[in-house]
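Understanding the architecture of this molecule
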Amino acid sequence: MANSPVVITGIGAATPLGSDFATFTANLLAGKSAAQSVTDIQSGVEVRLPACLADDPPVPATWDEADFRALPRSEQFVVWSGTSALSDAGYLQIGRAHV
């Protein structure tokens, strides 16, 4: 494989350990676990499953909260992570771009 240039544009995360780079890395380096116990009661059977549940992602600065929350939850994570990465890379200027 030929040497190809690699460009790291920015970092965006929506995790149980944090939704910004500083919080995520601090929690990760502190050894905090993202796993939580979840109880699923179905057909009268209680099952405990390990899961990593993230809080709802924050509303990106360039979005209206109602419009953002109207998106499916999975899309909110994608939009938050993408806008965070673009902002971190310096490509997203508030008031000039709507991602």
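Everything quoted here is computed from the prediction, not taken from an experiment.

What follows covers the overall build of the protein chain. When you go through the protein chain residue by residue, the secondary structure sums to 3 helices and 2 strands. Going from the N terminus to the C terminus, the protein chain shows its helices and strands as α-β-β-α-α. Taking the contacts inside the protein chain whose residues are at least 6 apart along the sequence as the reference set, 32% of them involve residues at least 24 apart.

This paragraph deals with the environment of tryptophan 80. Mapped onto the fold, tryptophan 80 is located in helix H3 (residues 73-88). For tryptophan 80, a relative accessible area of 13% translates into the label buried. Counting along the chain gives 67 residues from tryptophan 80 to alanine 13, while the straight-line C-alpha distance between them is 7.6 Å. Dropping the residues within four chain positions of it, tryptophan 80 is found in contact with Ala13, Ala14, Ser19, Pro57, Pro58, Val59, Pro60 and Phe68.

Turning next to the packing of aromatic side chains. Under the definition given, this model contains 1 aromatic pair. Taken together, a centroid distance of 5.8 Å and an interplanar angle of 70° make the contact between tryptophan 63 and phenylalanine 68 edge-to-face. Here tryptophan 63 matches phenylalanine 68 in class, with each residue buried.

It is worth spelling out the pattern of salt bridges at this point. All told, the structure shown has 1 salt bridge when counted by the stated rule. One salt bridge connects arginine 73 with aspartate 56, and the closest N-O pair in it is separated by 2.6 Å. Highlighted residues: arginine 73 in helix H3 and aspartate 56 in the loop between strand S2 (45-52) and helix H2 (65-70), separated in sequence by 17 residues. Under the relative-accessibility criterion, aspartate 56 is labelled partly exposed at 47%.

This part covers H3. Compared with the 22 Å implied by 1.5 Å per residue over 16 residues, the 22 Å span of H3 between its first and last C-alpha is a close match. Turning to H3, its buried residues are Gln76, Phe77, Val79, Trp80, Ser81, Thr83, Ser84 and Ala85. The elements touched by buried residues of H3 are H2.

Attention shifts here to the confidence of the model for the protein chain. Across the protein chain, pLDDT averages 80, with 76% of residues at or above 70. When the elements of the protein chain are averaged for pLDDT, S2 gives the smallest value, 65, and H2 the largest, 95.

Before going further, it helps to spend a moment on the environment of alanine 14. Mapping alanine 14 onto the fold places it in the segment before helix H1 (21-29). Placed 44 residues apart in sequence, alanine 14 and proline 58 show a C-alpha to C-alpha distance of 8.7 Å. With residues near it in sequence (within four places) discarded, alanine 14 still touches Ser19, Ala54, Phe77, Trp80 and Ser81.

Its place among the elements puts phenylalanine 77 in helix H3. Taking relative accessible area as the criterion, phenylalanine 77 reaches 17% and is therefore assigned buried. Taking the C-alpha atoms as reference, phenylalanine 77 lies 9.9 Å from aspartate 55; in sequence the two are 22 residues apart. With residues up to four places along the chain from it excluded, the contact list for phenylalanine 77 reads Ala14, Ala54, Asp55 and Pro57.

Here is what the cut-offs are and how they apply
- Residues numbered from 1 in each chain as written.
- Predicted model: local features only at pLDDT ≥ 70, side-chain atom pairs only at ≥ 80, totals over all residues.
- Heavy atoms only, no water.
- Helix = DSSP H or I, 4+ residues; strand = E, 2+ residues; numbered from the N terminus.
- Contact = heavy atoms within 4.5 Å.
- Buried < 20%, exposed > 50% of the residue type's maximum accessible area, 1.4 Å probe, protein only.
- Phe/Tyr/Trp six-rings, centres within 6.5 Å; stacked < 30°, edge-to-face > 60°.
- Salt bridge = Lys/Arg side-chain N within 4 Å of Asp/Glu carboxyl O.
- Expected span 1.5 Å × (residues − 1).
- pLDDT = per-residue confidence, 0-100.

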